[in-house]
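Notes for the structure review
For reference, the chains in residue letters:
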Amino acid sequence: MDKKLKLLTYGCQMNVADSERMAGLLSKIGYTLTDDFDAADLILFNTCCVRATAEDKVYGQIGRLKALKRERPEVIIGVAGCLAQKDGENLIKRSPHVDFVLGTGQSGEVARVVESLERERRHLVDTSNLSGEIPHEVFPLRGGSVSTFVPIMYGCDNFCTYCIVPHVRGRERSRKPEEIFAEVQQTAAEGFKDITLLGQNVNSYAGGMTFARLLTAVDKISGVERLRFMTSHPKDLSDELIAAIAEGAHVCEHIHLPVQHGSDKILRRMNRVYTVEKYLRLVEKIRAAIPNVSLTTDLIVGFPGESDEDFAATLDFVRTVKFDAAFTFIYSKRTGTPAATFDNQVDDEIKHRRLDELMKVQNAISLEKNRTLENSVVEVLVDGASKTDENIFTGRTRTNKLVLFERGNLHAGDFVNVKITQAQTFLLKGVVQ
Ligand code: SAH
Ligand code: SF4
Ligand code: F3S
């Protein structure tokens, strides 16, 4: 029987990858994807709780399904992912129209859980195995056709004091290299050209070889045209890894290296275990080894105890490093993390003012960086039509910059040379050569 699955994914790339795996498992018991809530037999949320805003978004959407469940009580509604892990039982108390809650360590059991609910309806909550085994023998139902994610490790042991991830994703565990190689070979055989190796902290990969060696080995797999990875923690981005990026034929010249803050005092209170000085030296080393590398980062404003001076240090820092782009976040108090109990929580209005100022400074730098590419020719991997105009195609440079150009007779997955004619803050426009 053909059953329909409506899958909603929130949060980071790890959740995207997990959703594709859950969809793969559910396809084995007869579910195919639908966009339509009304056609769905199963509605599955894969959730995020990294900031309060992420959590509110999920609860808002779950709340909106109350009426649907009243009209069609046979629909199964499930919640998986980080918010499910965090709130467990409480999620059902708050939203009794949810049938099941499944923790992050048990996403591999989603099909078993759904089958059991198909047989017998009841509330089911299972978040017991936080650091559960990474599911193998899974055939993910991948979105897109050009770029995809391959998880190499799960969990995080870093315990930055603001962050809920280690509490909801469990301890670090790494997949075996052979399993990763097999999955990469499979995706390459399916035609994917751009592969991102994923982990909360890829540098801590410990599946029997260093991450640098793993990267070098994957780089040699036939069909892998572009190879990326995320996320790196500055505390242990090794010389060996920098060399592997510089030397890997397909390893792209882009490193996402979250710094979080520009003041040593705050970095210490965040438990980031590096100093501004150490980060700057690392950037120098990376830029010397990998010409034209693009560097992106994450930054938090309004961490408890952040003074005007500390914030000014972050502004100075982004002016010094000149990141290609930065994701900027307002500190969000997460119950259960140490920083939630720190004194001197920063006022909301100040947080917002600081965010605006930081974004203004960084946006000007992003534009300045992109302008240096005007009149140059870059290699672009074509993604397909843009959202707004089917005659305008989008693609990415090796440095992960978004490029817009005319469709011509191009197809998703083509490599083209594009001459950049106009740079903007978040994208480049160009002409296919
Ligand atoms: N493992 C990755 C990503 C973690 S979550 C890493 O360490 O880089 C992605 C980003 O969310 C973090 O880099 C951080 O900037 C931000 N973040 C995490 N917890 C936060 C919080 N409580 N408030 C605001 N931003 C937060
Ligand atoms: Fe969170 Fe820090 Fe782990 Fe990243 S390294 S997931 S910010 S605890
Ligand atoms: Fe969110 Fe979980 Fe990712 S909290 S950012 S979905 S690891």
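Source: prediction; values computed, not measured. (Residues numbered from 1 in each chain as written. Chains lettered and ligands numbered in written order. Predicted model: local features only at pLDDT ≥ 70, side-chain atom pairs only at ≥ 80, totals over all residues. Heavy atoms only, no water.)

**Examining a negative patch on the surface**
A surface patch of like charges, here negative, comprises D35, D36, D38 and E71. Assignment of secondary structure puts D35 in the loop between β2 (31-33) and β3 (42-47). (Patch = residues over 30% accessible without salt bridge, like charges linked within 9 Å, V, L, I, M, F, W, Y side chains within 5 Å. Areas by Shrake-Rupley, 256 points an atom, 1.4 Å probe, with all protein chains shown as cover. Salt bridge = Lys/Arg side-chain N within 4 Å of Asp/Glu carboxyl O. Lys, Arg positive; Asp, Glu negative; His and termini not counted. Charge placed at Lys NZ, Arg CZ, Asp CG, Glu CD. Helix = DSSP H or I, 4+ residues; strand = E, 2+ residues; numbered from the N terminus.)

**Regarding the sheet that holds strand β10 (residues 194-198)**
Spatial strand order, β7-β10-β11: three strands in an open sheet with parallel pairing. Because the sheet does not close on itself, it has two edges, and the strands there are β7 (147-151) and β11 (226-230). Adjacent strand axes in the sheet meet at a mean angle of 25°, parallel and antiparallel pairs treated alike. Direction of pairing for β7 relative to β10: parallel, over a ladder of five bridges. Counted as the bridge partner of S147 is D194 from β10. Packing of helix α7 (residues 177-189) onto the sheet brings it into contact with β7 and β10, and relative to β7 it is tilted by some 165°. (Pairing = 2+ DSSP bridges. Axes fitted to C-alpha atoms, helices over the stretch in contact; angles between N-to-C directions. Contact = heavy atoms within 4.5 Å.)

**A few points about the sheet that holds strand β12 (residues 254-256)**
Taken together, three strands build an open sheet; the order of strands is β12-β13-β14 and the sheet is parallel. Each end of this open sheet is capped by a strand with a single partner; those strands are β12 and β14 (325-330). When strand polarity is set aside, the average angle formed by the axes of neighbouring strands in this sheet is 15°. Both strand β13 (residues 294-301) and β14 contribute to a ladder of six bridges, which runs parallel. Bridge assignment links T297 to a residue of β14, and that residue is A326.

**Concerning helix α12 (residues 308-321)**
Over its 14 residues, α12 runs 20 Å from end to end, which matches the ideal 20 Å to within 8%, given 1.5 Å per residue. Taken residue by residue, α12 has D310, F311, T314, L315, F317, V318 and V321 as its buried positions. Projection of α12 onto a plane perpendicular to its axis shows the buried side chains occupying an angular sector of 160°, all on one side. Away from the buried face of α12 by more than 90 degrees, exposed residues D308, E309 and T320 are located. On its buried face, α12 sits against α10 (264-269), α11 (276-289), β13 and α13 (348-371). Trailing α12 by a residue or two, K322 shows a phi angle of about 55°, which is positive. (Expected span 1.5 Å × (residues − 1). Buried < 20%, exposed > 50% of the residue type's maximum accessible area, 1.4 Å probe, protein only. Arc of directions from axis to C-beta.)

**Some thoughts on the site of ligand 1**
Around ligand 1 lies a shell of 14 residues, among which Y162, Q200, Q260, D298 and S332 are the nearest. With respect to ligand 1, the backbone of Y162 contributes an N or O atom lying 3.0 Å from a nitrogen atom. Summarising the interface, the protein chains cover 89% of the accessible area of ligand 1, which totals 540 Å² for the free molecule. Those elements that provide at least two residues to the shell around ligand 1 are β13 and β14. Across the shell around ligand 1, the residue classes tally to seven nonpolar, four polar and three charged. (Near = heavy atom within 4 Å. Polar contact = N/O pair within 3.5 Å; in protein donor to acceptor, adjacent residues only side chain to side chain. Nonpolar A, V, L, I, M, F, W, Y, C, P; charged D, E, K, R; others polar.)

**Brief notes about the pairing of strand β4 (residues 76-81)**
Every other side chain in a regular strand lies on the same face of the sheet, so the side chains alternate between the two faces. Counted residue by residue, β4 has six buried out of six residues, so it is predominantly covered. Burial along β4 is two-sided: the residues I76, G78 and A80 and I77, V79 and G81 are all buried. Looking at chain direction, β3 and β4 are connected through six bridges and run parallel. Within the sheet, the bridge partner assigned to F45 lies in β4 and is V79.

**A closer look at the pattern of salt bridges**
Under the counting rule described, the total for this entry stands at 28 salt bridges. Here R334 makes a salt bridge to E55, at a shortest N to O gap of 2.7 Å. Highlighted residues: R334 in the loop between β14 and α13 and E55 in helix α2 (residues 52-63), separated in sequence by 279 residues. Owing to a relative accessible area of 7%, R334 belongs among the buried residues under this scheme. Residue class for E55 comes out buried when judged on its relative accessible area of 11%. In this structure, the salt-bridge partner of D157 is R171, at a minimum N-O distance of 2.8 Å. Residue D157 is found in the loop between β8 (153-154) and α6 (165-169), and its partner R171 is found in the loop between α6 and β9 (173-174); the two are separated by 14 residues along the sequence. When its relative accessible area of 32% is taken as the criterion, R171 is described as partly exposed. One connected set of salt bridges, linked through shared partners, spans R21, R142, R175, E179 and E183.

**A word on the pairing of strand β17 (residues 402-406)**
Alignment of strand β16 (residues 392-397) against β17, held across five bridges, turns out to be antiparallel. Bridged to R396 within β17 is L402. Linking β16 back to β17 in an antiparallel pair, the connection comprises four residues, with N400 at a positive phi of about 70°. Taken together, the two bridges between β17 and strand β19 (residues 428-432) define a ladder with parallel strand orientation. Paired with V403 across the strands is L428, a residue of β19.

**Overview of the domain arrangement of the chain**
Put simply, an interface is often sized by how much accessible area is lost when its parts join up. According to the domain assignment, the chain consists of domain 1 (3-126), domain 2 (147-371) and domain 3 (377-432). Computed from C-alpha coordinates alone, the two centres of domain 2 and domain 3 are separated by 25 Å. Across the boundary between the two partners, domain 2 contributes 20 residues, which contact 18 residues of domain 3. Taking both sides of the interface into account, the surface hidden between domain 2 and domain 3 amounts to around 1400 Å²; carbon and sulfur atoms contribute 46%. If you sort the residues of domain 2 by the area they bury against domain 3, K193, R226 and N370 come out on top, with a joint share of 41%. Where domain 2 packs against domain 3, one counts three salt bridges. With a shortest N-O distance of 3.0 Å, R226 and E379 are connected by a salt bridge. The tally of links between domain 2 and domain 3 comes to 14 residue pairs in polar contact (both at pLDDT 80 or more). (Domains from an automatic or database assignment. Buried area = accessible area lost by both parts, 1.4 Å probe.)

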